[in-house]
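Each chain is listed here by its residues.
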Amino acid sequence: MNLLSNLPLLADADGGLFFGPANSTFAPMVDDLFDLIYWISAFFFVLIVGVMVYFVLKYYRRPGHGPQPSPTHNNTLEIAWSVLPSFLLVVFFVMGFTNYMSMRTPPDDAYEIHVQAKKWSWLFVYPNGAESSDLHIPVGRPVRFILESEDVLHNMFVPAFRTKMDCVPGRYNEIWVEAVNTTGSGINPDEHKPHDLFCAEYCGRDHSNMHAFVYVYETGDFDAWLEKAANLYEGRTMAEVGELLYKRKGCISCHSIDGTKKAGPSFKDSFGTAHKFTDGTEAVMDENYIRESIRDPRAKVVAGYQPVMPVFPSSRLSDKDITAIAEFIKSLK
Amino acid sequence: MSVGSTPDKFQAANLDGAQTREDNYLLASSGVGSWLFTLDHKRIGVMYLVGILVSFFLGGIFALILRAELFTGTKLFLTEDQYNQMFTLHGAVMTFLFIIPSIPAALGNFVLPVMLGQKDVAFPRMNLGSFYLWVVGAIFFLCAIIFGGLDTGWTFYTPYSVTTSTRVILALLGVFVLGFSSIFTGLNFIVTINTMRPHGMTWFKMPLFLWSIYATSIIQLLATPVLGITGLLLIAERALHIGIFDPEMGGDPVLFQHFFWFYSHPAVYIMILPAMGIISELIAVFSRKHIFGYRFIAYSSIAIALLGFLVWGHHMFVSGQSQLAAVVFSGLTFSVSIPSAIKVFNWLATMYKGSISLATPMCYALAFIFLFTIGGLTGLFLGALATDIQLHDTYFVVAHFHYVMMGGTLVAFVGGLYYWWPKMFGVMYNENAGRLFCLIVFLGFNLTFFPQFIMGARGMPRRYARYVEEFQIYHQLSTLGAFLLGIGMVGAIGVLLYSLYRGKKAPANPWGANTLEWMCSSPPPLANFDNPPPVGDPYDYSNLRYDEREGGYVTVPGPAKKTSSH
Ligand code: HEM
Ligand SMILES: [Cu+2]
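Residues numbered from 1 in each chain as written. Chains lettered and ligands numbered in written order. Predicted model: local features only at pLDDT ≥ 70, side-chain atom pairs only at ≥ 80, totals over all residues. Heavy atoms only, no water.

Caption draft 1: Geometry of the overall build of chain B. What chain B contains, in helices and strands, is 16 helices and four strands. Taking 2.2 N^0.38 as the reference for a compact globule, 566 residues should give roughly 24 Å; the C-alpha atoms of chain B span a radius of gyration of 24 Å, in line with that estimate. By principal-axis analysis of the C-alpha atoms, chain B measures approximately 75 × 45 × 45 Å. Counting across all 566 residues of chain B, residues that qualify as buried make up 68%. Taking contacts inside chain B between residues at least 6 apart in sequence as the whole, the part at least 24 apart equals 80%. Entry remark: accessible area of chain B is about 17,800 Å², with carbon and sulfur atoms responsible for 70%. (Helix = DSSP H or I, 4+ residues; strand = E, 2+ residues; numbered from the N terminus. Rg over C-alpha atoms; globule rule 2.2 N^0.38 Å. Buried < 20%, exposed > 50% of the residue type's maximum accessible area, 1.4 Å probe, protein only. Contact = heavy atoms within 4.5 Å. Areas by Shrake-Rupley, 256 points an atom, 1.4 Å probe, with all protein chains shown as cover.)

This is the structure we're talking about:
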């Protein structure tokens, strides 16, 4: 293992062979338990395979050699090798269980973020109403996540934090985490090397593309980011806001802007052009059509697509937001 | 027993290799109908074998397509939709059509009655019925594949499975019918073992393969109905919109997971227990040693079967089930590892001071110990709560279950197939070719699945058509391994098929085993035995001697040695 860890291809300099860097308060505990089980398993594995190979070589069937007499059972021995490993198992169990309890019990003063998973995007909602499609958190402060799903099962998995939990429709699950390192400096994403956040519960077509980033900031930077995120319209053109909403509200998971066909039609060059619908009718894409498609997606379904788009009520997208999105789509001509 | 004391027809065959047409179940009658309507457990076993190998081939093609697509991490030749269908079908075909029935239905069917010195199983018609249920189930699966596919994963998790437009109902009907096939097989075996053990074969004189099949049958009988009912509920939910599992309709998606794993975790033991049974036979025979700790091995099969019912919740540590439940399930999970560990230690002790032959079946048995040990030990990481949080639903799990199911069950199945092949078809395969492909399978297997432990622990989730660049190197190693493994598997089966045309004629007892199936000619006569053969200690090899002229082992008269069976 040590030898392999030195191969740059196979492992990060700062993680082990098996784990990447540990970036939450409980990650080192998980890694330590992993290492403990790993070394004890490695010991037993080498023992078992070693004995096996030794016996094969030593007792290999050679001409003139037969089996030698030996006992066919030995209760003391057998009870010993059943009971002794059990002690190790109890140790693993207890360590796994105590670590788990601390992973599952958030401190009372934790900062709260709501996580809404849906096919196939993430929405993170902060206490001041700000929303984002990537996760932004402060360093050194416990954050509690309240997970929900709008459609099927999803799972929020951040390998760098060693944490994962299902998002189950119709119920809330929670986890918490305290990040120990920032991912970069300032609130400009380009200055960061964010962690991956994956969906780890199979959820249909774009399951493997349900990927977001986790940005960890200094406390001051986080507050600045939060402020900016809450005031969506300040200092942005309508089309820019529309683009943000397009990403945040998950339109991006089904509508491309480069012409590729996903679950829904691409927005590229679509404003002002005629669309054919499954019921045979036809209409030109204008502001009203965009509004209708968002508020009542099943009213007109473009031919060749399934009626899979969710409804966005005004609590999810205000009329102003819709105007911004329409401006954005217009700008793609 | 001694040569002189049993003047039966099979003894004649044993010594001269002379066989009349009626002496051979393969030739006893001919024509397609004589196979399709046969009540002979051996022919039913052979038909299962063909079906299972075809399923394995199909599942294997799907696997290679998956692995090829995963070479780059971006789109190569499958869309996301196609990839999702492909992994679902691969998993579903491998699990339901191949691995669950593989050892019990194919090898078990052939071997069990002969091992008991009997003419057939207790209910031959039910046995044929089980086979046709398997066929019908397989047809449902094929229909699901052809008419729209299936993309739920083999686990059918709700609410996705309630909402997807793919052929969930067809596939579930398939699972339902296959379940009955499995239940009937289990029932048949239980009754056969309970009522038809020959005079002198007490429970503790029974070969360990039969113990393992018995334990398996108990699980098949008790767990499978839960799967059937769960499938029906899901069908009802999809077709009639009853809210059982879908929260939109007031149901609970986590309930489905409880139902599903209440079957599917014990099902893992349906897969692995018979494999352990085979390994017990192989290690003893090819070491020419009495199996060590017979009773511990027998009891551990039963312990695994019973404990297996108590651990399903370890698939749901991150589902939001209560923390108390998680802790209890974690504790119970660890308890199952003890009986499995016992078996490994006993196999090693059996080899001690033996005379070990590296015939192909033994090579598979050794590969099994190596791979199954890795599979079992990596289960410890998944049983411990804190580490499972990181590893759940990643490639670590994919690697773990492939080490257990493929490295364990499949390898034991192939080892068992090589072992009983001479008995089944009356021909010997080429040993060197057999060993060579065993080695290729072993190397290919490790190259395929070992890198998956690493990438999984580092965070690569499973069921991903695309992935971030960090994981590419592991995926590429894995894909190369998969193709090597594919070559190995095709070769291993090829060696056996080739022997049907070119193989030397097999003696009655090529390996010097002392279980009863080796006491009739190879292949067995239609009725197996005219008179029940005498029963002794199945692991006492002291009265067997290699006979040059025969090319196999014969029983020599000698002082009836008294050996204890435990
Ligand atoms: C050449 C041998 C094999 C290769 C290369 C292979 C490869 C794979 C791959 C790439 C996946 C998808 C993993 C994911 O996306 O999460 C998979 C899943 C799976 N495989 Fe295999 N596999 C092989 C043999 C087997 C065998 C022999 C069995 C069973 C006896 C099996 C059972 C499964 C199951 C149950 C799944 C899960 C499917 C799911 O996630 O729904 N595989 N395998
Ligand atoms: Cu998801």
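Caption draft 2: Representation of helix α3 (residues 41-69) of chain B within the structure. Counted at 1.5 Å a residue, the expected span for α3(B) with its 29 residues is 42 Å, and the 42 Å between its end C-alpha atoms agrees. Within α3(B), 22 of the 29 residues are buried, which leaves the element mostly enclosed by the surrounding structure. (Expected span 1.5 Å × (residues − 1).)

Caption draft 3: Geometry of the coordination of the copper ion (ligand 2). Residues and elements named next belong to chain A. With distances of 2.1 to 2.8 Å, the protein atoms coordinating the copper ion (ligand 2) are His-154 (ND1), Cys-199 (SG), Cys-203 (SG) and Met-210 (SD). Geometry at the copper ion (ligand 2) is irregular, judged from the four donor atoms that bind it and their angles of 85 to 127° at the metal. Within one chain, the residues donating to the copper ion (ligand 2) are spaced in sequence as H-x44-C-x3-C-x6-M. (Donors = N, O, S within 2.8 Å, 3.2 Å for Na, K, Ca; no water. Tetrahedral: all angles 85-135°; square planar, octahedral: opposite > 155°, others 65-115°.)

Caption draft 4: Main features of the coordination of the iron atom of ligand 1. Residues and elements named next belong to chain B. Surrounding the iron atom of ligand 1 are the protein donor atoms His-90 (NE2) and His-402 (NE2), which sit 2.0 to 2.1 Å from the metal. Geometry at the iron atom of ligand 1 is octahedral, judged from its six donor atoms and the angles of 83 to 179° they form at the metal. In this pair, His-90 is assigned in helix α4 (residues 80-115) and His-402 in helix α14 (residues 395-425), connecting sequence segments 312 residues apart. On the basis of relative accessibility, which here comes to 13%, the residue His-90 falls in the buried class.

Caption draft 5: How the structure looks around a nonpolar patch on the surface. All names here are of chain B. A contiguous nonpolar patch, built from Leu-439, Leu-443, Leu-447, Leu-480, Leu-484 and Ile-487 and spanning about 520 Å² of accessible area, is present on the exposed surface. Of all the secondary structure elements, the ones that give two or more residues to the nonpolar patch are α15 (431-457) and α16 (472-502). Within the secondary structure, Leu-480 is located in helix α16. The class of Leu-480 is exposed, set by a relative accessible area of 52%. (Patch = residues over 30% accessible without salt bridge, like charges linked within 9 Å, V, L, I, M, F, W, Y side chains within 5 Å. Salt bridge = Lys/Arg side-chain N within 4 Å of Asp/Glu carboxyl O.)

Caption draft 6: View of the UniProt feature "domain: Cytochrome oxidase subunit I profile" (unreviewed entry) in chain B. Residues annotated by UniProt as "domain: Cytochrome oxidase subunit I profile" (unreviewed entry) correspond here to residues 35-536 of chain B. Along residues 35-536 of chain B one finds 71% helix and 1% strand; the C-alpha atoms at either end are 34 Å apart. (UniProt positions renumbered as here; feature names shortened; annotations may be inferred.)

Caption draft 7: Looking closely at unusual backbone geometry. The step from B:Thr158 to B:Pro159 runs through a cis peptide bond, and the omega angle for that step is -5°. Counting through the fold element by element, B:Pro159 comes out in the loop between α5 (124-146) and α6 (160-163). Residues B:Ser522 and B:Pro523 are joined by a peptide bond in cis, for which omega reads -10°. Its place among the elements puts B:Pro523 in the loop between β2 (504-505) and β3 (544-547). The backbone phi angle of A:Arg162 is positive, close to 60°, even though this residue is not glycine.

Caption draft 8: Main features of the interface of chain B and chain A. Every contact between the two is made by 91 residues of chain B and, on the other side, 84 residues of chain A. Summing the contributions of chain B and of chain A, the shared interface buries around 7,600 Å²; its carbon and sulfur component is 67%. Here chain B is connected to chain A by one salt bridge. Two residues, A:Arg171 and B:Asp252, come together in a salt bridge whose shortest N-O distance is 3.6 Å. Inspection of the chain B/chain A interface yields 25 residue pairs in polar contact (both at pLDDT 80 or more). When contributions to the side of chain B that touches chain A are tallied by element, the ones reaching two or more residues are α4, α6, α9 (253-287), α11 (323-351), α12 (360-383), α13 (385-391), α15 and α16 of chain B. With 15 residues, the single largest contributor to the side of chain B that touches chain A is α11(B). (Buried area = accessible area lost by both parts, 1.4 Å probe. Polar contact = N/O pair within 3.5 Å; in protein donor to acceptor, adjacent residues only side chain to side chain.)

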